[in-house]
Amino acid sequence: MARRKKLYEGKAKTLYEGPEPGTLVQYFKDDATAFNAEKKDVIEGKGVLNNRLSEYFMTGLTQIGVPNHFIKRLNMREQLIRACEIVPLEVIVRNFAAGSISKRLGLEEGTPMPRPIVEFSYKDDSLGDPLVPEEYIIAFGWATQQDLDDIVALALRVNDYMSGVMYGVGIKLIDFKIEIGRVYEGDFQRLIVADEISPDSCRLWDMESGQKLDKDVFRRDLGSLADAYTEVARRLGVLPTNVTHAPKPTLIN
Ligand code: UDP
């Protein structure tokens, strides 16, 4: 069998050439990184959970008419996606303060935002993904004003969807990050949600206890990341049939 072509390897995912033009295969790895890859580990089963969770969220977005890259899941770790040109921005939406905005503005984590805040970081690991104003984005040509208006509208729709889905399973959506891709249809360009939506790129707090069910568990050494993601998947009813993160078998005497 011919080896398929690897097109890009990122921190948590690898992209391969897809079976048809305009498609890619997105493979979810078990690698976890934080603080611009200064902290690294392999979390057994994370890739399987994120593949399922991203499928679940993207499918829901399709059902409410929010365009995104997801076509279909292929297996435990891979999904078929639409190839797109990634806009070099991380689009962050915040409902409550946490992480970098808490540090920057001295806000206690959990403080509600006056309204959902959409902000942009320039995607460049060597610079540590710096926060950038719209002025930079337009002046340097990373996106046009029209693109930004469309991106904000998309991000707010994703926020409403994700907040509602999470609320339904007793989880508060604190913030999240999405990436946006451009696809070309004839002479027209369309912006779609790309990359992934998973607990790697969201902050999710249990509504009752405030327990963190996202990558902060790894960033801040708060316990088992696989357990946290499994809990999110379990509440949403999307646990893979072959449970990947099961306790090791014990010997029966
Ligand atoms: N985020 C992400 N990738 C990044 C930076 C942020 O997925 O490279 C997500 C992060 O998980 C959180 C949200 O975006 O849900 C806001 O992150 P923040 O700006 O607070 O940065 P952090 O505290 O993670 O450095």
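Residues numbered from 1 in each chain as written. Predicted model: local features only at pLDDT ≥ 70, side-chain atom pairs only at ≥ 80, totals over all residues. Heavy atoms only, no water.

> Tell me about the overall build of the protein chain, and name the residues and values.
For the protein chain, the helix and strand inventory stands at six helices and 14 strands. Whereas a compact globule of 253 residues would reach a radius of gyration of roughly 18 Å, the protein chain reaches 18 Å, a difference of no more than 12%. Viewed in the frame of its principal axes, the protein chain has a C-alpha envelope of about 70 × 55 × 35 Å. Taken over 253 residues, the protein chain has a buried fraction of 48%. Long-range contacts, defined here as pairs at least 24 residues apart, represent 57% of the contacts in the protein chain between residues at least 6 apart. Carbon and sulfur atoms make up 53% of the accessible area of the protein chain, which totals about 13200 Å². Averaging the locations of the 33 positively and 38 negatively charged side chains of the protein chain gives two centres separated by 4 Å. (Helix = DSSP H or I, 4+ residues; strand = E, 2+ residues; numbered from the N terminus. Rg over C-alpha atoms; globule rule 2.2 N^0.38 Å. Buried < 20%, exposed > 50% of the residue type's maximum accessible area, 1.4 Å probe, protein only. Contact = heavy atoms within 4.5 Å. Areas by Shrake-Rupley, 256 points an atom, 1.4 Å probe, with all protein chains shown as cover. Lys, Arg positive; Asp, Glu negative; His and termini not counted. Charge placed at Lys NZ, Arg CZ, Asp CG, Glu CD.)

> For the packing of aromatic side chains, give the residues involved together with the corresponding values.
Evaluation of the coordinates by the stated rule reveals four aromatic pairs. Seen in terms of ring centroids, Y56 and F57 are 5.6 Å apart; in terms of plane orientation they differ by 75°. Their pairing is edge-to-face. Overall, Y56 belongs to the partly exposed group, its relative accessible area being 30%. Given a relative accessible area of 1%, F57 falls into the buried group. Centre to centre, the rings of F140 and W142 are 5.3 Å apart; their planes meet at 20°, and the pair counts as stacked. For F140, a relative accessible area of 58% puts it in the exposed group. By way of ring pairs, the aromatic residues Y122, Y136, F140 and W142 are connected into one cluster. Here the guanidinium or amino end of K172 rests over the ring plane of F96, the centre of that ring lying 4.4 Å away. (Phe/Tyr/Trp six-rings, centres within 6.5 Å; stacked < 30°, edge-to-face > 60°. Lys NZ or Arg CZ within 6 Å of the ring centre and 35° of its normal.)

> Let's hear about helix α1 (residues 46-63): which residues, and what values?
In a regular helix each residue adds 1.5 Å, so 18 residues correspond to 26 Å; α1 covers 26 Å between its end C-alpha atoms and thus fits that length. Counting buried positions over the 18 residues of α1 gives 13, a clear majority of the element. Directly beyond the C-terminal end of α1, a positive phi value near 85° is found at G65. (Expected span 1.5 Å × (residues − 1).)

> Run through the site of the ligand, naming residues and quoting values.
Close contacts around the ligand come from 15 residues, with E90, R94, S100, D175 and R203 the closest. Contacts to the ligand include R203, whose side-chain N or O atom sits 2.8 Å from an oxygen atom. One of the side-chain N or O atoms of R219 is found 2.9 Å from an oxygen atom in the ligand. Burial of the ligand by the surrounding chains reaches 77%, relative to a free accessible area of 510 Å². Elements with a contribution of two residues or more to the shell around the ligand: β9 (89-96), α2 (99-105), β12 (171-185) and β14 (202-206). Looking at side-chain class alone, the shell around the ligand contains four nonpolar, three polar and eight charged residues. (Near = heavy atom within 4 Å. Polar contact = N/O pair within 3.5 Å; in protein donor to acceptor, adjacent residues only side chain to side chain. Nonpolar A, V, L, I, M, F, W, Y, C, P; charged D, E, K, R; others polar.)

> Give a description of the sheet that holds strand β1 (residues 6-9) that names residues and reports values.
With antiparallel pairing, the five strands of this open sheet are ordered in space as β1-β2-β3-β7-β6. Only two strands of the sheet have a single partner each, and these edge strands are β1 and β6 (70-73). On average, adjacent strands in this sheet sit at an angle of 25° to one another, irrespective of strand direction. Bridge count for strand β3 (residues 23-28) against strand β7 (residues 78-82) is five bridges, and the pairing is antiparallel. (Pairing = 2+ DSSP bridges. Axes fitted to C-alpha atoms, helices over the stretch in contact; angles between N-to-C directions.)

> Let's hear about the pairing of β14: which residues, and what values?
The buried count for β14 comes to five of five residues, which makes it a mostly enclosed element. On β14, burial covers both faces: C202, L204 and D206 on one face and R203 and W205 on the other are all buried. As paired strands, β12 and β14 are joined by five bridges and run antiparallel to one another. Of the residues in β14, the one forming a bridge with L173 is L204.

> Could you give me a rundown of the environment of L156, with the residues and numbers involved?
Relative to the helices and strands, L156 is located in helix α4 (residues 145-168). In this structure L156 comes out as partly exposed when scored by relative accessible area, which is 30%. It is 8.0 Å that separates the C-alpha atoms of L156 and V118, two residues lying 38 residues apart in sequence.

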